[in-house]
Amino acid sequence: MSTDAVIEYYDQCHVDYKILWRSHRNLCIHFGYFDDEHSDHHSALPNMNRVLAERAAISASDEVLDAGCGVGGSSMWLAANKGATACGINIQPLHLQLAREEAERRKLDHLVRFEERNYCDSGLPDASFDVVWALESVCHCEDKTAFINEAYRVLRPGGRLMVADFFQFESALDAAQQERMRLWLDGWALPNLAHVDDFQRGLDVAGFESVDCEDITANVLRSSRRIWKASLIMRPLSRPLELVG
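Since we're looking at a predicted model, the values are computed, not measured.

Okay, the overall build of the protein next. What the protein contains, in helices and strands, is 10 helices and five strands. Overall, the protein is about 55 × 45 × 40 Å in size when its C-alpha atoms are taken along their principal axes. Per-residue burial over the protein gives 44% buried out of 245 residues. A separation of at least 24 residues holds for 69% of the contacts in the protein among residues at least 6 apart in sequence.

What follows is the structure in structure tokens.
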């Protein structure tokens, strides 16, 4: 999966995210974290930032690398709610433009910055961040080990890595499952999914310690259902829309 494919996917789906996800308002293009206090789509989306920030123990003293920052929502949430400074990196020019404009509009540009860089080979200095934050972005990377090694390189001693993403839990898929997986991956411009055990081994080999893995499927499933319901509504229109481009 080339970087061009990822850029094209987000260019093509920009309006979809605005309509279905309200991304132009909440700056979220990730799944929501649903719990007893956040049971609707619009509150669950920023709640994901809150939950992950607590997991990573992010504070005002931290410098955060937002790896694959999307439209900058997490970076700005961490700045506004935790006082952290953040550098968001992305390969998607449209996302970077929107992130910079929104940071200026929200008067957060003194705490956040956004740069066009690849999170597998960022060119950033060694040991320059306290936290590497990757929210539903590593899935777009073909070589997950390259991301892990780069994250380790740019983290200071005692730094933390926070990854929340799609992972594969079953090792052996039959032919029908493999075909369904391929269709799903192609639709999202994803080259593959890491098996959770392989990803953890990669972290161990790179030198990360105290690695914790938590399955939050139950908390994000409603976001998946939202997409499924929208697809059922749009399905009768999809073929005519394809025909007219």
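Having seen the structure, we can now continue with the description.
For the rest of this paragraph, the subject is the pairing of strand β5 (residues 155–164). Sheet topology places strand β4 (residues 129–135) next to β5; six bridges connect them, and they run parallel. Following the sheet pairing, Phe 129 is matched in β5 by Leu 155. On the question of chirality, the crossover connecting β4 to the parallel β5 by way of helix α7 (residues 144–154) is right-handed.

With seven of 10 residues buried, helix α5 (residues 73–82) is to be regarded as a mostly interior element. Within the span of α5, buried status applies to Gly 73, Ser 74, Ser 75, Met 76, Trp 77, Leu 78 and Ala 79. For α5, the secondary structure elements touched by its buried residues are α4 (41–55), β1 (63–67), β2 (85–90), α6 (93–105), β3 (112–116) and β4. A positive backbone phi angle near 75° is found at Gly 83, which sits one or two residues after α5.

This part is about the pairing of β1. Most of β1 is tucked away: four of the five residues are buried. Across five bridges, the pairing between β1 and β2 is parallel. The residue of β2 that forms the bridge with Glu 63 is Thr 85. On the question of chirality, the crossover connecting β1 to the parallel β2 by way of α5 is right-handed.

Once that is clear, we can look at the side chain of Ser 75. Along the chain, Ser 75 falls in helix α5. Its relative accessible area of 0% is what places Ser 75 among the buried residues. A distance of 2.8 Å separates the side chain of Ser 75 from the side chain of Asp 66, its partner in a polar contact. The contact partners of Ser 75, leaving out residues within four places of it in the chain, are Asp 66, Ala 86, Gly 88, Val 112 and Phe 114.

What counts and how
Residues numbered from 1 in each chain as written. Predicted model: local features only at pLDDT ≥ 70, side-chain atom pairs only at ≥ 80, totals over all residues. Heavy atoms only, no water. Helix = DSSP H or I, 4+ residues; strand = E, 2+ residues; numbered from the N terminus. Buried < 20%, exposed > 50% of the residue type's maximum accessible area, 1.4 Å probe, protein only. Contact = heavy atoms within 4.5 Å. Pairing = 2+ DSSP bridges. Right-handed = clockwise from strand over helix to strand, strands pointing away. Polar contact = N/O pair within 3.5 Å; in protein donor to acceptor, adjacent residues only side chain to side chain.

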